[in-house]
Amino acid sequence: MEIRREQRSSVFLIIILIILVAIASYLVILLRTDFVAESLEKDQVMKILFVLEDENKEAVFTDVFIYYPVSKKGALFEIPGNTGAIYESLGRVDRIDAIYKEKGIAVYKSEIEKLIGTDLPIYLKVDMKQFCKFTDLLGGLNIFIPSPVESESDDGSLWLLPSGAVTLDGDKIKVYLTYLLSDETDKDVRERQQHVMVSFLEALNRNRGVFFSKKSFQYYQNYFTTNVDSESLLTVLTEIANVDTERLAPQTVSGSTRIVDGKELVFPFYDGDLIKESVQKSTTQLTATEDVNSRIYVLEIQNGTLVQGLARNTAVLLQGVGYDVLNTMNADTSDYEKTVIINHIGNMAAAKTLGDFIHCTNIVEEQVQPESAGLQADSMVDFTIILGKDFNGRYVVER
């Protein structure tokens with residue numbers, strides 16, 4: 001009798017466990033479905049982690065895509081695989097993409113959230129084979145290749161790509177993403193990867209009339225691994241396809257390079273505060289009623305102090321948040337007490353945004369010359385920053 005009672009108790013506990021698992025699964029599905037629709041209803045910013053992986057289950061590239069559906073503006077942040085830190089999930093100093101390989105995308109997402117200082121409710125993962133298939137379905141990706149590529153890999157594979165503005169099919173996109181010439185740097189490779197990401201979003205936009213119907217979606221939804229259900233995935237892809245790719249300038253995690261255990265790692269500037277601030281700044285700009293980020297602004301940075309390399313280091317700082325630095329040089333004197341921003345284009349809102357980033361309120365309006373006046377020496381730059389003794393390498397501080 002005792003054995004039978006124990007058997008009944010075991011069966012009863014198993015039934016309870018099954019019911020609890022079913023309820024939990026239902027709640028998870030419900031939550032996964034609702035937060036995408038709820039975000040759109042509240043006009044909230046969408047934040048998505050995108051990972052392309054290779055045949056070895058390693059991350060080829062990783063992007064954080066932030067998109068505001070109301071304005072159709074987006075921001076793209078590249079997370080270099082060799083971003084270094086002491087990662088809690090690994091218990092050691094290493095590359096961030098080591099987390100992806102060893103721990104999977106959920107833990108990887110969590111570490112990236114810590115890195116950039118914001119939650120990423122959605123992730124999209126696609127492997128290289130599926131990405132190439134999807135590229136073919138999209139009719140190829142439009143890429144500009146400055147010089148033809150004619151080389152051979154170590155395993156004997158031929159790397160052949162034409163130059164110019166070309167449309168690459170899936171197989172050619174794989175070549176474009178994976179070839180590495182002897183004179184290339186990691187930055188060159190990462191720039192190619194970001195060109196692919198922007199072109200992918202542009203191709204989604206170009207094909208949205210064909211692909212974003214429930215009938216078509218059933219044929220390619222399994223190309224993606226994601227943490228949202230099928231209906232939410234369709235909503236996400238439909239929304240991000242509307243992004244204005246002409247104004248989508250990829251930014252990256254910038255930092256200092258050090259060799260650790262034989263690995264070249266990039267440690268984010270200012271203990272990671274810079275990338276967090278960059279993400280926050282971009283997110284705020286996406287939702288701003290006044291568009292001060294309508295294009296990439298070109299800067300000239302002059303060192304008005306005796307601190308060696310100050311202009312060059314500041315250029316790296318500002319390039320990391322999406323500005324284009326045309327020149328760095330010494331100012332006419334090294335005795336500038338205060339940092340000054342010279343506004344060459346008459347756009348005070350954009351000048352103030354730049355000033356806010358380095359805590360500089362000393363903005364001088366240059367008289368904008370009419371086009372008939374001819375080219376001036378500084379006509380190629382929008383703003384000139386002259387660094388003074390009050391600039392500590394990151395901010396202007398009161399002296």
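This text gives an overview of the structure that appears in the document. (Residues numbered from 1 in each chain as written. Predicted model: local features only at pLDDT ≥ 70, side-chain atom pairs only at ≥ 80, totals over all residues. Heavy atoms only, no water.)

### Things to note about the overall build of the chain
Next up, step 1: Tallying secondary structure elements over the chain gives 12 helices and 19 strands in all.
Next up, step 2: For the chain, buried positions account for 45% of its 399 residues.
Next up, step 3: A separation of at least 24 residues holds for 66% of the contacts in the chain among residues at least 6 apart in sequence. (Helix = DSSP H or I, 4+ residues; strand = E, 2+ residues; numbered from the N terminus. Buried < 20%, exposed > 50% of the residue type's maximum accessible area, 1.4 Å probe, protein only. Contact = heavy atoms within 4.5 Å.)

### Overview of unusual backbone geometry
Next up, step 1: With a phi close to 65°, Lys57 is a non-glycine residue in the positive phi region.
Next up, step 2: The topology assignment puts Lys57 in the loop between strand 1 (46-53) and strand 2 (59-68).
Next up, step 3: Positive phi, normally seen in glycine, also occurs at Lys72, with a value near 65°.
Next up, step 4: Its location among the elements puts Lys72 in the loop between strand 2 and strand 3 (73-78).
Next up, step 5: Here Lys72 falls in the partly exposed class, since its relative accessible area comes to 40%.

### Some words on the nonpolar core
Next up, step 1: The biggest cluster of nonpolar side chains holds 52 residues, and the ones touching the most others in it are Leu204 and Leu237.
Next up, step 2: Here the element with the most residues in this core is helix 6 (residues 186-206); it accounts for seven residues.
Next up, step 3: Ignoring sequence-local partners within four residues, the contact set of Leu237 consists of Leu124, Leu204, Phe212, Phe217, Tyr220 and Phe224.
Next up, step 4: Core analysis: the next-biggest nonpolar cluster, separate from the first, contains 27 residues, Leu49, Val64, Ile79 and Tyr123 among them. (Core = buried A, V, L, I, M, F, W, Y, C linked by side-chain atoms within 4.5 Å.)

### Examining helix 5 (residues 170-178)
Next up, step 1: Listed in full, the buried residues belonging to helix 5 are Gly170, Ile173, Val175, Tyr176 and Leu177.
Next up, step 2: Regarding helix 5, its N-cap is Asp169, as a side-chain oxygen of that residue lies 3.3 Å from the backbone nitrogen of Asp171 further along. (Polar contact = N/O pair within 3.5 Å; in protein donor to acceptor, adjacent residues only side chain to side chain.)

### Thoughts on the pairing of strand 4 (residues 84-87)
Next up, step 1: Relative to strand 5 (residues 92-95), strand 4 runs antiparallel, the two sharing four bridges. Looking across to strand 5, one finds that Ile86 is bridged to Val93.
Next up, step 2: Linking strand 4 to strand 5, which pair antiparallel, is a turn of four residues; within it Gly91 sits at a positive phi near 75°. (Pairing = 2+ DSSP bridges.)

### Description of the packing of aromatic side chains
Next up, step 1: Taken as a whole and judged by the stated rule, the model has 16 aromatic pairs.
Next up, step 2: Considering the side-chain rings of Phe131 and Phe200, the 5.4 Å spacing of their centres and the 50° angle between planes classify their relative orientation as tilted. Of this pair, Phe131 sits in helix 4 (residues 128-137) while Phe200 sits in helix 6; the two residues are 69 residues apart in sequence, bridging distant segments of the chain. Neither residue differs from the other here; Phe131 and Phe200 are each classed as buried.
Next up, step 3: Here the aromatic rings of Phe134 and Tyr223 are separated by 6.0 Å at their centres, their planes lie at 90°, and the arrangement is edge-to-face. With a gap of 89 residues between them, Phe134 in helix 4 and Tyr223 in the loop between helix 8 (214-217) and strand 11 (225-226) connect regions that are remote in the sequence. For the residue pair Phe134 and Tyr223, the accessibility class agrees, reading buried in each case.
Next up, step 4: Put simply, the rings of Phe50, Phe61, Phe131, Phe134, Phe200, Phe211, Phe217, Tyr220, Tyr223 and Phe224 pair up and form one aromatic cluster. (Phe/Tyr/Trp six-rings, centres within 6.5 Å; stacked < 30°, edge-to-face > 60°.)

### Some remarks on the environment of Thr62
Next up, step 1: On the secondary structure map, Thr62 appears in strand 2.
Next up, step 2: Put simply, Thr62 and Glu78 are 16 residues apart on the chain and 6.1 Å apart in space, counted from C-alpha to C-alpha.
Next up, step 3: Aside from chain neighbours lying at most four places away, what touches Thr62 is Leu49, Phe50, Val51, Phe77, Glu78, Ile79, Tyr108 and Ile112.
Next up, step 4: At a separation of 2.7 Å, a polar atom in the side chain of Thr62 contacts the side chain of Tyr108.

### Regarding helix 3 (residues 105-116)
Next up, step 1: When the terminal C-alpha atoms of helix 3 are compared, their 16 Å separation across 12 residues agrees well with the 16 Å that a helix rising 1.5 Å per residue should span.
Next up, step 2: Taken as a whole, helix 3 has its buried residues at Ile105, Tyr108, Lys109, Glu111, Ile112, Glu113, Leu115 and Ile116.
Next up, step 3: Note on helix 3: the residue one or two positions beyond its end, Gly117, has a positive phi of about 75°. (Expected span 1.5 Å × (residues − 1).)

### Side note on the sheet that holds strand 19 (residues 383-387)
Next up, step 1: Strand order in the open sheet formed by five strands is 16-15-19-17-18, and the pairing between neighbours is mixed. Strand pairing shows two members of the sheet lacking a second neighbour, strand 16 (324-330) and strand 18 (363-365), which therefore form its edges. For this sheet, the mean inter-axis angle between neighbouring strands, taken without regard to orientation, is 20°.
Next up, step 2: With six bridges connecting them, strand 15 (residues 298-303) and strand 16 associate as parallel partners. (Axes fitted to C-alpha atoms, helices over the stretch in contact; angles between N-to-C directions.)

### Describing the sheet that holds strand 3
Next up, step 1: Strands sit in the order 11-6-1-2-3-12 across an open sheet of six strands; the sheet is mixed. Strand pairing shows two members of the sheet lacking a second neighbour, strand 11 and strand 12 (251-252), which therefore form its edges.
Next up, step 2: Two strands pair when backbone bridges link them, and strand 1 and strand 6 (residues 122-127) are joined in this way by six bridges, in the parallel orientation. Note on strand 6: the bridge partner recorded for Glu53 is Asp127.

### Focus: the packing of helix 4 against helix 5
Next up, step 1: The N-to-C vectors of helix 4 and helix 5 enclose an angle of 130°; their axes lie 8 Å apart at closest approach. When the axes of helix 4 and helix 5 are compared, the pair comes out oblique. At the point where helix 4 passes helix 5, the crossing takes the right-handed sense. From helix 4, Met128, Phe131, Cys132, Thr135 and Asp136 reach across to helix 5, where they touch Gly170, Ile173, Lys174, Leu177 and Thr178.
Next up, step 2: Class assignment of the residues belonging to the contact of helix 4 with helix 5 gives a composition of five nonpolar, three polar and two charged. (Parallel < 35°, antiparallel > 145°, perpendicular 65-115°, else oblique. Left-handed = near helix turned anticlockwise from the far one by under 90°. Nonpolar A, V, L, I, M, F, W, Y, C, P; charged D, E, K, R; others polar.)

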